[in-house]
Amino acid sequence: MNVRGKVIKYGDNIDTDVIIPARYLNTSDPAELAKHCMEDLDKDFVNKVQPGDIVVAGKNFGCGSSREHAPIALKASGVSCVIADTFARIFYRNSINIGLPIVECPEAANDIEDGDEVWVDFDTGTIVNHTKGSTYKAAPFPDFLQELISSGGLIEYVKKQAQGGAL
Amino acid sequence: MGMTMTQKILAEHAGLESVKAGQLIKVKVDMVLGNDITTPVAVKEFEKIGAGKVFDVNKIAIVPDHFTPNKDIKSAEQVKMIREFSKKMGIVNFFEVGQMGVEHALLPEKGLVVAGDVVIGADSHTCTYGALGAFSTGVGSTDMAAAMATGETWFKVPEAIKFVLEGKPGKWVSGKDIILHIIGKIGVDGALYKSMEFTGEGLNYLSMDDRFAIANMAIEAGAKNGIFEVDEKTLDYIAEHSNKPYKIFKADEDAEYVEVYKIDLSTLRPTVAFPHLPENTRSIDEVGDIKIHQVVIGSCTNGRIEDLRIAAEVLKGKKVHPDVRCIIIPATQKIWKQAMNEGLFDIFIDAGAAVSTPTCGPCLGGHMGILAEGERAVATTNRNFVGRMGHPRSEVYLASPAVAAASAIAGKIASPE
């Protein structure tokens, strides 16, 4: 699987409270959440984000609350992938579980700039920056996580196990 | 190779002799937790699995605490949905308004978590139960849903950082000051993906409420979990609150730590985290002149009885500054009643503070004390991110209950000394 899109870039420690403020958590409707995505950090995000866009950020992306509403809001906004130097661990799990592709790649996170056109291949971990003509390489996911992702997320994986009589 | 406390608990729950850092394992869980924000999403995902029933009606706890007593129609609908789900599934530990409390104060108090347990919760501060010598960590709603169906979850075995606490802290230095000091030192991603293991003779001077506050904020350093070595105080607490069997796991002598920090508690000062990250810490001696508009004393970090007692000690016979709203939120019904019976409410109300029913409320900018543009609060809560307590241009300063109470009186960030 691969995606291509324009980059929207943010800094370090982007927390889930700015990805989706708690005042909007009285609903879990993805479209409703998307209307307020990144609101407290970047009011313009909802206007400028286009389907397929890629969010690139620094260290500890998604730190703070465990709210799954954060990756849900990004996904429902049309974001096709998040590339970061590092991810906070709950956000990392949540993204895999709900099927928001994420890639941990310090080199790419550092080099890619706002507005760059970037292509990401998840199978090989290859990231190509078409604007700069650079290529970066992320470590592929461990086998188990690849199995989770290729099953279509955690729920599909558990369902598959249940059908196999494991539940 | 030896194992850390966390690794030993995980190995046992995975049915393995031993595990090592980096290994992906499947573990059995002793408790699965959710709140009124995360459980609705989990219920939708659970229904997709088609399991029909939960793995164990006694090992799931659902605590509507964030927007309760419900602040609006949408949040009331969310609680209604999870209430009906709990009834339908026969979930024993659903805590209604009137019995509920802030989840991470409530579960230990109800004896639902003991030493040696593996607990996952769809709330990032689930790491609080490390104070009891349990492995506990926050996950999202989908992980909660899968665990409700299967009783299992997957983990990558974490590396660990050891914190050796030494010496006796001063009178006004609490668990909150210790963890803020540590986060200031290692940063908000200083323990990313790792365990924080707390040990050392300094533990002798830390009450269970201090330890809950410390373990609670392990997530604020990015940690997977924070965990304390079990001692007499832990065992006394468990004996008083629970009938569940427990198991003590001690780190091996040759357990591997990626880093070891020695922290002399006697040298620490009351500590405040400035906006907008918990790592922006300053000692109380360096805070300068910061005028404030609100004080919040409560939350899963600092809404326990000792927190209220020390706030009362500071507020006794004093008045809250006329420019400040001081909101005090006992974390559970039991703590509320205890505080009332000890006369703490007389002190708070005479001082001009408001006392609320248990709720997470203002901590996450939900309700019961939202900040307007340009306002500043000193809060005993755990996060001071942009917009956390209200307007994106409001500010939250994190501090201990003693500093918060002293600040309420002074109208600016102040020392209780």
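Here's a quick rundown of the structure. (Residues numbered from 1 in each chain as written. Chains lettered and ligands numbered in written order. Predicted model: local features only at pLDDT ≥ 70, side-chain atom pairs only at ≥ 80, totals over all residues. Heavy atoms only, no water.)

Our next topic: the overall build of chain B. Looking only at helices and strands, chain B has 13 helices and 18 strands in total. Taking 22 Å as the expected radius of gyration for a compact globule of 417 residues, we find that chain B reaches 20 Å, a close match to that expectation. Counting over 417 residues, chain B shows a buried share of 65%. A separation of at least 24 residues holds for 76% of the contacts in chain B among residues at least 6 apart in sequence. For chain B, the computed accessible surface area is about 14200 Å², with 49% contributed by carbon and sulfur atoms. In chain B, which carries 45 positive and 53 negative side-chain charges, the distance between the mean positions of the two groups comes to 3 Å. (Helix = DSSP H or I, 4+ residues; strand = E, 2+ residues; numbered from the N terminus. Rg over C-alpha atoms; globule rule 2.2 N^0.38 Å. Buried < 20%, exposed > 50% of the residue type's maximum accessible area, 1.4 Å probe, protein only. Contact = heavy atoms within 4.5 Å. Areas by Shrake-Rupley, 256 points an atom, 1.4 Å probe, with all protein chains shown as cover. Lys, Arg positive; Asp, Glu negative; His and termini not counted. Charge placed at Lys NZ, Arg CZ, Asp CG, Glu CD.)

All names here are of chain A. Counting buried residues in helix α4 (residues 69–76) gives six out of eight residues, a clear majority hidden from the surface. Within the sequence span of α4, burial applies to His69, Ala70, Pro71, Ile72, Ala73 and Leu74. A positive phi of about 105 degrees marks glycine 78, the residue just after α4.

Another point: the packing of aromatic side chains. Residue and element names in this part refer to chain B. All told, the structure shown has 17 aromatic pairs over all chains when counted by the stated rule. An angle of 80 degrees between the planes, with centres 5.5 Å apart, marks the rings of phenylalanine 46 and phenylalanine 85 as edge-to-face. A residue pair is termed long-range when its members are at least 10 positions apart, and phenylalanine 46 in helix α2 (residues 39–49) and phenylalanine 85 in helix α3 (residues 73–89) qualify at 39 residues. Across the pair, phenylalanine 85 and phenylalanine 46 agree in class, each one buried. (Phe/Tyr/Trp six-rings, centres within 6.5 Å; stacked < 30°, edge-to-face > 60°.)

On to the pattern of salt bridges, then. Residue and element names in this part refer to chain B. A complete count under the given rule lists 31 salt bridges over all chains for this structure. The residue glutamate 313 makes a salt bridge to lysine 171 at a minimum N-O spacing of 2.8 Å. Here lysine 171 lies in the loop between β8 (160–166) and α6 (175–186) and glutamate 313 lies in helix α10 (residues 305–315), a separation of 142 residues in the sequence. With a relative accessible area of 53%, lysine 171 lands in the exposed category. Here arginine 269 makes a salt bridge to glutamate 417, at a shortest N to O gap of 2.7 Å. On the criterion of sequence distance, the pair formed by arginine 269 in the loop between β11 (259–264) and β12 (271–273) and glutamate 417 in the segment after α13 (401–410) is long-range, its members being 148 residues apart. (Salt bridge = Lys/Arg side-chain N within 4 Å of Asp/Glu carboxyl O.)

Contacts between the two partners involve 51 residues from chain B, matched on the other side by 43 residues from chain A. For the chain B face of the interface with chain A, the top three residues by lost area are Thr142(B), Trp154(B) and Tyr193(B), together amounting to 17%. The interface formed by chain B and chain A contains three salt bridges. Its salt-bridge partner being Asp17(A), residue Arg388(B) comes within 2.8 Å of it at the nearest N-O pair. Connecting chain B to chain A are 21 residue pairs in polar contact (both at pLDDT 80 or more). Contributing elements (two or more residues each) for the side of chain B that touches chain A: β1 (24–28), α2, α3, β6 (135–138), α5 (141–150) and β7 (152–156) of chain B. Here the element with the most residues in the side of chain B that touches chain A is α5(B); it accounts for seven residues. The residue makeup of the side of chain B that touches chain A, split by class, is 23 nonpolar, 15 polar and 13 charged. (Buried area = accessible area lost by both parts, 1.4 Å probe. Polar contact = N/O pair within 3.5 Å; in protein donor to acceptor, adjacent residues only side chain to side chain. Nonpolar A, V, L, I, M, F, W, Y, C, P; charged D, E, K, R; others polar.)

Examined against the element boundaries, Asn26(A) turns out to sit in the loop between α1 (16–19) and α2 (30–34). Taking relative accessible area as the criterion, Asn26(A) reaches 10% and is therefore assigned buried. Contacts of Asn26(A), omitting those with residues within four sequence positions, involve Phe67(B), Lys71(B), Asp72(B), Lys74(B), Ser75(B) and Gln78(B).

A few words on the pairing of strand β15 (residues 325–328) of chain B. Residue and element names in this part refer to chain B. Where strand β14 (residues 294–297) and β15 come together, four bridges link them in parallel fashion. Bridge pairing links glutamine 294 to arginine 325 in β15. Here two bridges tie β15 to strand β16 (residues 354–355), and the two strands are oriented parallel to one another. Across the sheet, the residue bridging to isoleucine 328 is valine 355, located in β16. (Pairing = 2+ DSSP bridges.)

Strand pairing within a sheet occurs via backbone hydrogen bonds; the two strands may be parallel or antiparallel. Residues and elements named next belong to chain B. Strand order in the open sheet formed by five strands is β4-β3-β2-β5-β6, with parallel pairing between adjacent strands. Strands at the two margins of the open sheet, each flanked by one partner only, are β4 (93–94) and β6. As paired elements, strand β2 (residues 31–35) and strand β3 (residues 60–63) share four bridges and run parallel to each other. Opposite valine 32, over in β3, you have isoleucine 60 as the bridge partner.

With that out of the way, let us pick up the packing of helix α7 (residues 208–216) of chain B against helix α8 (residues 232–241) of chain B. All names here are of chain B. For the pair α7 and α8, interaxial distance at closest approach is 10 Å and the crossing angle is 100 degrees. One finds that α7 runs roughly perpendicular with respect to α8. Contacts between α7 and α8 involve Met208, Arg211 and Phe212 from the first element and Lys233, Thr234 and Tyr237 from the second. (Axes fitted to C-alpha atoms, helices over the stretch in contact; angles between N-to-C directions. Parallel < 35°, antiparallel > 145°, perpendicular 65-115°, else oblique.)

In this section: unusual backbone geometry. The omega angle of the peptide bond from Thr68(B) to Pro69(B) is -15 degrees, so this bond is cis rather than trans. Look at the link from Pro275(B) to His276(B): it is a cis peptide, with omega at -5 degrees. Looking at the element boundaries, His276(B) is found in the loop between β12 and β13 (281–283). Residue Asn13(A) is not a glycine yet carries a positive backbone phi of 55 degrees. As for its position among the elements, Asn13(A) is in the loop between β1 (2–9) and α1. A positive phi is found at Asn60(A), a non-glycine position, where the angle reads about 60 degrees. Summarising the element assignment, Asn60(A) is placed in the loop between β2 (54–57) and α4.

On to the nonpolar core. The biggest cluster of nonpolar side chains holds 124 residues, and the ones touching the most others in it are Phe45(A), Phe61(A), Leu74(A), Phe348(B) and Ile413(B). The residues contacting Phe348(B), other than those within four sequence positions of it, are Leu308(B), Ala311(B), Ala312(B), Leu315(B), Ile328(B), Ala353(B) and Val355(B). Leu165(B), Ile183(B), Ile214(B) and Ala273(B) belong to the second largest nonpolar core, which has 66 residues in total. (Core = buried A, V, L, I, M, F, W, Y, C linked by side-chain atoms within 4.5 Å.)

Residue and element names in this part refer to chain B. Taken together, four strands build an open sheet; the order of strands is β10-β9-β8-β11 and the sheet is parallel. Here the strands that pair on one side only, and so sit at the sheet edges, are β10 (225–228) and β11. If you compare each strand with its neighbour and ignore which way they point, the axes differ by 20 degrees on average. Alignment of β8 against β11, held across six bridges, turns out to be parallel. Bridging from a neighbouring strand, glutamate 166 pairs with aspartate 264 of β11. Across the face of the sheet, α6 comes into contact with β8, β9 (195–199) and β11 while running at roughly 130 degrees to β9.

Any functional reading would require information beyond the geometric quantities listed.
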